[in-house]
Amino acid sequence: MEKELGFVTEISGKMREHNFVFSYRGKISQETIKALLNLTEKKLSTEVAEIAVKKKVFNVMVECLQNISKHNTKNKHANESIFMIGSYEGKYVVYSGNVIENEKVQALKNKLQAINVMSKEEISELHKRLLVEGSLNEGIGASLGIVDIAKKSGNKLDFSFVEENDKTYFALKTFINNN
Amino acid sequence: MEVTSIRQFHQLMESNKLIMLYEGEFTQEITKGVLAMTERNLDKDSVEAGIKKKIYNVMVEVLQNICKHQASSSDDAKTAVFMIGEDEEHFFVISGNTIQQNKIAAIEEKLNLINSKDKDGLKLLFRDLRLSATISEAGGAGLGFVDIARKSESKLKFQFDLIKDDLYYFIFLSTISKHTSENN
Amino acid sequence: METYKINGTEDTPSIILDKTTNTFEISGRSLPEDVVTFYKPTIDWLEAFGNAPNNNFSFDFKLEYFNTASSKIILDILMKLDEVAENKGASITINWHYDKNDDDMQEAGEEYAELVSLPFTFKAQ
C-alpha cells in the first residue's frame, strides 16, 4: 500500500502548533488508560511542573478516560474516541472527544452548563453532596467525575457537541493552571 | 486548540489511519512508555505473536534512530515525532525529526540502496554490514534501516523537507503487514 | 480473624487489614475499572470485624491518587468505621497521609473529615 508522507508534515505541524505531547485514537479500555497514564507520568517526570499540577493532570485524565471507557461498554461507537494532552510551560490541557448517543446529549449538556455557572464553593458543596448521596450503581460515576474535573481544573469546562445523524460528537477541553 | 477543533483533528488522524502520536523529546523512559503503550494496543488486537514481535522490533529501531539523532542535534532541534498507524492489513511506524543537511546524502544513499534490494539482497546486505561495520559507526543507522526493511514488506518511504538554512525535517515510514505469508 | 492483605498494582492500592497487629492501611493508587468488585473483600472484612472490633486503633490512608468511583468507596469505608466507633465504642483515628505539595489530597481528606465524625490526623510528608 502506498502512503504519501505529506500528512506527517501536516500533523506534526499541528502537534507543535498546539503543543500536543501525545494523541491517542481508538478504543479506550482500562489497559489503554493504564498505558496512557504510564506514558504521561514519564513525560511529566521530565518536566518542571509542580507535583500538585502533575497530580491534577493525572486526576483529570483518569476521570475523562474512565468516563469514556464506561460509556463505551454499551456504545456501538466505542472505537471512535480520541484523547490528547497538550503541555506548554508548565500548563496542561487535556482534550477528549468521543461519540455518544443523541438521547444522552441533553442531560450531559445540562450538567456541564450547571457546573459552569457555579462558584468554587458551590462546586465543592455539590461534590460533597454527590459523594454522600450518590450510589455507584446509579451512574454517580459520570456526574461525580465531571464535578471532580471542574474542581481540579479550577476553570470553566470547555465543551462542544456536534450532531452527526444518529449520534453526537462530544468534545471536552480541560485547562489546568500551573498553580 | 479550540474545543470545536478536536473533532477535526480526530478526523485527520482517522483519515490517515493514525492511532497514536507522540511529539517531544525522547528519553529512554519515554521510549519505554511509548513501546508499552503500543504493545498493549497490539494485545487487544488479534495480531499474531510473530507480527507483534516484528512491529515491536521496527518500533525499537525507529525510536533508537530518533534518540541518536536527538543526541547530535542542537537544543532547538531536539524534538521529534513518532506515530503509529493501523488499517485492516498493516501497521505503519512513522518518525519525523530534524536533521542537518550534511547528513542527508548518506541517509538517502543507504535508504535507496535498501529499497533497491529484494528479500535475499537485504539478507546479504545485512550480513555484510554487520561484518564490516564497527559498533561506533552510529550503530550503523544503516544496519537499523536494513533490519526495518527486512521486517517490513513494502519499500521504506522517506522525505526530507527544508525547515530553514541547513536544517531539514526527515520523515520516515515503514509498513508491516498483519499477515505473515507475505514476508517470511 | 484472618488478615486481609493485597499488594498494590499500577491501578489498585495495597491494603492491609490485620486485627492481630492492629494495622489497617490503604496505600498507593486506586483507579480500578470496577471499584465495587475490587473493594468487596475489604468491605466484607470490615463488616465482620465490626462485630468484634479492636478497642483502639488507627486506620491509615496513604493514597497517592484515587478516582471518583474510589472516592465513594472510601467514604463507605469511613462510614463503616464511624458506625463501629459509635456502636461498639471503639476509639478510631483516621490518619490521612498526603504529599505536602498535594493540596487536592489534603482537601479530599478534609472533605471526608467533615462527612464523618471520626477524628482525623493529617500527616503531610
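Higher on the page you've got the structure.
Parameters at a glance
- Residues numbered from 1 in each chain as written.
- Chains lettered and ligands numbered in written order.
- Predicted model: local features only at pLDDT ≥ 70, side-chain atom pairs only at ≥ 80, totals over all residues.
- Helix = DSSP H or I, 4+ residues; strand = E, 2+ residues; numbered from the N terminus.
- Buried ≥ 20, exposed ≤ 12 C-beta atoms within 10 Å, placed from the backbone.
- Contact = placed C-beta atoms within 7 Å.
- Pairing = 2+ DSSP bridges.
- Axes fitted to C-alpha atoms, helices over the stretch in contact; angles between N-to-C directions.
- Nonpolar A, V, L, I, M, F, W, Y, C, P; charged D, E, K, R; others polar.

With that settled, consider the overall build of chain A. Along chain A, the regular secondary structure elements total 6 helices and 5 strands. Going from N to C terminus, chain A has its helices and strands arranged as α-β-α-α-β-β-α-α-α-β-β. Here chain A, with 179 residues, has 44% of them falling under the buried criterion. For chain A, restricting intrachain contacts to residue pairs at least 6 apart in sequence, the fraction spanning at least 24 positions comes to 68%.

Okay, the sheet that holds strand β1 (residues 4-6) of chain C next. Residues and elements named next belong to chain C. Reading across from one edge, β1-β2-β3-β4-β5-β6 is the order of the 6 strands in this open sheet, with mixed pairing throughout. Both outer strands of the open sheet, β1 and β6 (120-124), are each paired with one neighbouring strand and no more. When strand polarity is set aside, the average angle formed by the axes of neighbouring strands in this sheet is 15 degrees. Of the strand pairs in this sheet, strand β5 (residues 91-98) and β6 are connected by 5 bridges, and their pairing is parallel.

Let's shift gears to the interface of chain A and chain B. On the chain B side, the residues contacting the 40 residues of chain A number 41 residues. Only α1 (6-17), β1 (20-26), α2 (30-45), β3 (91-101), β4 (158-164) and β5 (167-176) of chain A provide two or more residues apiece to the side of chain A that touches chain B. Here the residues of the side of chain A that touches chain B sort into 20 nonpolar, 11 polar and 9 charged. When β1(A) meets strand β1 (residues 18-24) of chain B, the two strands line up antiparallel, connected through 3 bridges. Note that in β1(B) the partner of A:S23 across the bridge is B:L21.

Another point: the sheet that holds β1(A). In space, the 10 strands of this open sheet follow the order β4(A)-β5(A)-β3(A)-β2(A)-β1(A)-β1(B)-β2(B)-β3(B)-β5(B)-β4(B), with antiparallel pairing throughout. The sheet is open, and its two borders are formed by β4 of chain A together with β4 (157-164) of chain B, each paired with just one other strand. The average angle at which neighbouring strand axes cross in this sheet is 10 degrees, direction not considered. Here strand β2 (residues 80-86) of chain B runs beside strand β3 (residues 90-100) of chain B; their pairing, made up of 7 bridges, is antiparallel. The residue bridging B:M83 from the neighbouring strand is B:I94, located in β3(B). Here helix α4 (residues 101-115) of chain B sits on the sheet in contact with β3, β4 and β5 (167-177) of chain B, set at roughly 150 degrees to β3(B).

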